[in-house]
Amino acid sequence: MPIQICERIGEITYAIRDLEVGAPRGVIKLNIGDPAAYDFRLPKIMAREICNVVAQGLNFYADSQGVIELREVIAKREKISPDDVIITAGTSEAVNFLFAALVRSNAEILLPCPVYPQYPSMVRLWGGKPVFYECNKEENWQPSVESIKRQITKRTVGLVIINPNNPTGAVYSKNLLAEISQICEKNNIVIISDEIYCDLTFEKRHIQISDVASSEAVMLNGASKCYIVPGWRIGWLTFHNFKTNALREAILKLCRLRLCANTPAQYAIAKVMKGKNQIHISEFRRKLRARRDFVVKKFEEAGINCVKPEGTFYAFPWIVDRKMRWRNDLDFVLQLRDKKKVLVVHGGGFEYKSISEEKYFRIVTLPPIKVLDEALGRIARFLEK
Ligand code: PLP
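Described in the following lines is the structure provided in the data block. Everything numeric in this text was worked out from a predicted model, so none of it was measured. (Residues numbered from 1 in each chain as written. Predicted model: local features only at pLDDT ≥ 70, side-chain atom pairs only at ≥ 80, totals over all residues. Heavy atoms only, no water.)

## Regarding the nonpolar core
Part 1: By size, the foremost hydrophobic cluster in this structure holds 88 residues, and its most contacted members are Phe99 and Tyr119.
Part 2: Not counting residues up to four positions away in its chain, the partners in contact with Tyr119 are Val95, Phe99, Leu111, Val160, Ile162, Asp194 and Leu220.
Part 3: Membership of the second largest hydrophobic core comes to 44 residues, among which are Tyr38, Ala270, Phe284 and Tyr314. (Core = buried A, V, L, I, M, F, W, Y, C linked by side-chain atoms within 4.5 Å. Buried < 20%, exposed > 50% of the residue type's maximum accessible area, 1.4 Å probe, protein only. Contact = heavy atoms within 4.5 Å.)

Printed below as a string of structure tokens:
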């Protein structure tokens with residue numbers, strides 16, 4: 001009798017990586033948001049610190065909640081107690097723990113659409129139901145408050161916002177955040193705010209949910225993007241305005257079960273966050289902004305539609321395929337991958353369904369201009385044919 005795989009595995013997709021399966025050799029990869037894969041270097045002090053920490057012998061199992069040194073720096077920034085900070089193996093583990101604790105069977109979690117695909121997959125994995133609220137391109141991909149209100153039911157337990165947003169690059173205003181927070185408070189819904197791109201905004205300043213929300217909110221953040229160390233696997237959760245410690249205690253149980261997050265990386269990041277040495281962020285942002293501008297200009301020249309991203313290192317453009325040359329967005333992306341060797345991710349991978357002739361995709365704007373130029377040139381030629 002062949003082994004039987006549990007049904008819940010069938011619920012999991014992660015198009016960003018799934019599309020690499022079967023990709024031709026030498027493809028230009030514009031699918032994964034990894035700044036360390038391009039010409040961005042982690043702050044020198046971080047490389048030094050992690051070597052020091054390892055040489056000093058800080059290689060033991062850490063406290064399951066996270067080393068106090070790192071929890072204290074984060075707590076100080078957020079003006080909360082270190083007890084309300086939990087360190088995880090990347091933000092991904094934080095998302096997993098949150099839904100493991102929060103999603104009872106058939107519970108509903110409100111997610112933005114389009115959405116970073118880890119969210120719906122994790123909700124489904126834990127037996128919950130992802131319910132999507134609209135973010136409209138006509139409103140610069142800002143969440144629709146009306147749609148949020150419409151989607152709330154008795155089973156809604158959490159609402160996710162991703163700000164700055166992956167995949168659209170949208171950055172949310174204070175008023176909008178306050179409005180969402182009020183709706184959540186009124187309906188007893190926990191806000192889950194993923195702010196992993198918090199330092200990567202261009203024209204607008206990022207506003208964190210804890211600065212405006214009086215409702216129960218969990219903030220997710222991590223070192224992968226802003227500190228350019230995705231391979232170190234460090235993320236964190238912070239708890240704000242909770243009436244009880246039930247959710248925190250439930251997640252701590254899960255933390256003990258998996259022992260701890262990477263110990264040397266926690267110490268090294270704590271050292272860097274404590275220092276004033278954040279110069280890499282302005283340089284990082286400057287380069288990203290130039291690359292964003294280049295991509296937007298190239299899209300315009302090629303007749304590709306795009307709302308200018310206000311932050312992150314993604315763009316979420318769309319083509320209008322009047323002659324229906326491609327069956328759907330996935331067909332477009334697969335043909336582009338196989339014929340022109342450029343890998344982007346189709347809108348459907350972010351739960352954003354193509355409407356007839358409009359076909360959406362996400363590209364990563366991280367590579368140097370020369371690489372972007374080559375990739376965008378191939379896309380333009382692919383469309384012309
Ligand atoms: N949240 C968002 C919005 C992301 O875009 C990503 C990675 O792309 C993650 C979480 C996962 O990050 P980590 O490397 O901290 O697990």
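## Re helix α2 (residues 44–55)
Part 1: An ideal rise of 1.5 Å per residue puts 16 Å on 12 residues; α2 measures up with 17 Å between its terminal C-alpha atoms.
Part 2: Of the positions making up α2, those classed as buried are Ile45, Met46, Glu49, Ile50 and Val53. One face of α2 carries all of its buried residues, which in axial projection span an arc of 130°. Exposed residues pointing more than 90 degrees away from the buried face of α2 are listed as Lys44, Arg48, Cys51 and Ala55.
Part 3: Where α2 is buried, its residues contact α9 (263–274).
Part 4: Following α2 by one or two positions, Gly57 has its phi on the positive side, about 90°. (Helix = DSSP H or I, 4+ residues; strand = E, 2+ residues; numbered from the N terminus. Expected span 1.5 Å × (residues − 1). Arc of directions from axis to C-beta.)

## Describing the site of the ligand
Part 1: Of all residues adjacent to the ligand, which total 13 residues, the nearest are Thr91, Ser92, Asp194, Tyr197 and Ser224.
Part 2: At a separation of 2.7 Å, an oxygen atom of the ligand approaches a polar backbone atom of Thr91.
Part 3: Between Lys225 and the ligand, the recorded distance is 2.7 Å, taken from a side-chain N or O atom to an oxygen atom.
Part 4: In isolation the ligand offers 400 Å² of accessible surface; the protein chains occlude 94% of this area.
Part 5: Sort the elements by how many residues they give to the shell around the ligand and helix α4 (residues 90–102) lands first, with 3 residues.
Part 6: Of the residues that constitute the shell around the ligand, the class distribution is 5 nonpolar, 5 polar and 3 charged. (Near = heavy atom within 4 Å. Polar contact = N/O pair within 3.5 Å; in protein donor to acceptor, adjacent residues only side chain to side chain. Areas by Shrake-Rupley, 256 points an atom, 1.4 Å probe, with all protein chains shown as cover. Nonpolar A, V, L, I, M, F, W, Y, C, P; charged D, E, K, R; others polar.)

## Comments concerning the packing of helix α3 (residues 68–78) against α9
Part 1: One can describe the packing of α3 onto α9 by two numbers: an axis separation of 8 Å at closest approach and a directional angle of 35°. At the point where α3 passes α9, the crossing takes the left-handed sense. Facing Glu69, Leu70, Val73, Ile74 and Arg77 of α3, the residues of α9 in contact are Gln266, Tyr267, Ile269, Ala270, Met273 and Lys274.
Part 2: For the contact of α3 with α9, a count of residues per class yields 7 nonpolar, 1 polar and 3 charged. (Axes fitted to C-alpha atoms, helices over the stretch in contact; angles between N-to-C directions. Left-handed = near helix turned anticlockwise from the far one by under 90°.)

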